[in-house]
Amino acid sequence: MNTNYLDNNHLVLVGKITSEKRFSHEIYGESFYIFDLEVPRLSETFDIIPVTISERLINDEELKIGKKIVVKGQFRSYNSYENEKNKLILTVFAKDIIFEDDIEERAQEDEEVNLEISNEVVLIGHICKKPIYRKTPFGREIADLLLAVNRAYSKSDYIPAIAWGRNARFCDRLEVGSQVKAVGRVQSRKYEKKYEDGTTIERIAYEVSISSLEVIEEDSGENAEVEETVAAV
């Protein structure tokens, strides 16, 4: 089993702060906060991604709306129990943050900080539900999948992901329990939830949009790549 949890789940985001920090929770006397990060897409639109950060990493003078930052961390999930139902909450958990004044210098020193790539996540996990393959009315191929990604202390993150084109067709052949490596970006997506009384409410879903996907297998505790790899579409 792959126990390098940083390799299992690693991301880098480059974006602009769009909200004040708000209190999230406290663990063993350490407070955590959430703020929103605007991350640009190549299409000249953007995603708004929630970032959870420890008070130890916060500089109130620099964590201001409009400031550009780099966040290095993991894409995580947890269950929230509300209205007698469990809800999967997704957030970026920051392990390091680089503030505006230091970005250029750190980019030269840190190979993980590539300012030409504003949003990249790498996940190694297991398929925990049969992927759902479908076609849009315009014939575009899509597959939805859910990855269980191991985390330290016997925990797991459950990360929804979406694949397109050849990657989607490949997902349709994956079995529950298959271990895969997915590379992509974290994206936000607005949708409307309908209730039985006919009312609707706008919500935001977070997921990984997959650009490349490969199956890996566990061999004597180590990961060995299977020859079949699906390249980016």
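You'll find the structure just up there.
Remember, predicted model here, so these are calculated numbers, not experimental data.

Enquirer: What is the right way to look at the overall build of the protein in this model?
Expert: When you go through the protein residue by residue, the secondary structure sums to three helices and 13 strands. Put simply, of all contacts in the protein between residues at least 6 apart along the chain, 59% involve residues at least 24 apart. Just so you have it, the protein exposes about 13800 Å², and 46% of that area is on carbon and sulfur atoms.

Enquirer: Can you walk me through the pattern of salt bridges in this structure?
Expert: Side-chain pairs of opposite charge can arise where the charged atoms are in close proximity. On inspection of all chains with the given rule, the structure shows 14 salt bridges. With a closest N to O distance of 3.9 Å, Asp110 and Arg106 form a salt bridge. Within the structure, one salt-bridge network assembled from shared partners comprises Lys72, Asp96, Arg106, Asp110 and Glu112.

Enquirer: Would you mind going over the environment of Gly184 with me for this structure?
Expert: Within the element layout of this structure, Gly184 appears in strand S11 (residues 179-194). What makes Gly184 buried here is its relative accessible area of 6%. Between the C-alpha atoms of Gly184 and Ser211, which are 27 residues apart in sequence, the distance is 4.8 Å. When sequence neighbours within four positions are dropped, the list of residues in contact with Gly184 reads Asn119, Glu120, Val121, Val208, Ser209, Ile210 and Ser211.

Enquirer: Can you help me understand the environment of Asn114 in this one?
Expert: Note that Asn114 resides in the loop between helix H2 (103-109) and strand S7 (119-127). Overall, Asn114 belongs to the partly exposed group, its relative accessible area being 33%. Sequence spacing of Asn114 and Val12 is 102 residues, and the spatial spacing of their C-alpha atoms is 8.8 Å.

Enquirer: Help me out: how do you make sense of a negative patch on the surface in this one?
Expert: The grouping of Asp101, Asp102, Glu105 and Glu109 at the surface amounts to a negative patch. Here Glu105 lies in helix H2.

Enquirer: How do you make sense of the packing of aromatic side chains when you look at a structure like this?
Expert: The description of an aromatic ring pair rests on the distance of the ring centres and on the angle between the ring planes. For the structure on display, the rule yields two aromatic pairs. On the numbers, 5.8 Å between centres and 80° between planes, the contact of Phe23 with Tyr33 is edge-to-face. Of the two residues, Phe23 is situated in strand S2 (residues 22-27) and Tyr33 in strand S3 (residues 30-40); the sequence distance between them amounts to ten residues. With a centroid separation of 6.0 Å and 35° between ring planes, the pair formed by Phe32 and Phe93 is classed as tilted. Placement of the pair is Phe32 in strand S3 and Phe93 in strand S6 (residues 85-99), with a sequence separation of 61 residues. Accessibility classification places Phe32 together with Phe93 in one group, the buried group. Its guanidinium or amino end placed over the ring of Tyr33, Lys21 lies 5.5 Å from that ring's centre, counting from NZ or CZ. Positioned above the aromatic ring of Phe93, the side-chain terminus of Arg76 is 4.1 Å from the ring centre.

Enquirer: Could you clarify how one ought to interpret the nonpolar core in this entry?
Expert: If you look at the biggest cluster of nonpolar residues, it comprises 42 residues, and the most contacted ones within it are Phe35, Leu37 and Phe75. Sequence-distant contacts of Phe35, that is, excluding residues within four places in its chain, are made with Ile17, Ser19, Glu20, Lys21, Arg22, Ile49, Pro50, Val51, Ile53, Leu63, Ile69 and Ile97. Val12, Val14, Val70 and Val113 belong to the second-largest nonpolar core, a separate cluster that totals six residues.

Enquirer: Is there a simple way to explain the pairing of strand S1 (residues 9-17) in this structure?
Expert: Buried residues dominate S1, accounting for seven of its nine residues. Note: S1 against S7, five bridges, orientation antiparallel. From the neighbouring strand, Leu11 faces S7, where its bridge partner is Val121. As judged from the two bridges shared by S1 and S3, these two strands associate in the antiparallel manner.

Enquirer: Explain unusual backbone geometry here, please?
Expert: Note on backbone geometry: most residues besides glycine have negative phi, and most peptide bonds are trans. Notably, Tyr153 is not glycine yet its phi reads approximately 65°, a positive angle. With respect to the secondary-structure elements, Tyr153 resides in the loop between strand S9 (141-151) and strand S10 (155-164). When its relative accessible area of 76% is taken as the criterion, Tyr153 is described as exposed. At Ser154, a residue that is not glycine, the phi angle is positive and equals roughly 60°. Inspection of the secondary structure puts Ser154 in the loop between S9 and S10. Classification of Ser154 by relative accessible area gives exposed; the value is 81%.

The rules behind each value
Residues numbered from 1 in each chain as written. Predicted model: local features only at pLDDT ≥ 70, side-chain atom pairs only at ≥ 80, totals over all residues. Heavy atoms only, no water. Helix = DSSP H or I, 4+ residues; strand = E, 2+ residues; numbered from the N terminus. Contact = heavy atoms within 4.5 Å. Areas by Shrake-Rupley, 256 points an atom, 1.4 Å probe, with all protein chains shown as cover. Salt bridge = Lys/Arg side-chain N within 4 Å of Asp/Glu carboxyl O. Buried < 20%, exposed > 50% of the residue type's maximum accessible area, 1.4 Å probe, protein only. Patch = residues over 30% accessible without salt bridge, like charges linked within 9 Å, V, L, I, M, F, W, Y side chains within 5 Å. Lys, Arg positive; Asp, Glu negative; His and termini not counted. Charge placed at Lys NZ, Arg CZ, Asp CG, Glu CD. Phe/Tyr/Trp six-rings, centres within 6.5 Å; stacked < 30°, edge-to-face > 60°. Lys NZ or Arg CZ within 6 Å of the ring centre and 35° of its normal. Core = buried A, V, L, I, M, F, W, Y, C linked by side-chain atoms within 4.5 Å. Pairing = 2+ DSSP bridges.

From the geometry alone we can't say anything about function, so treat these as descriptive.
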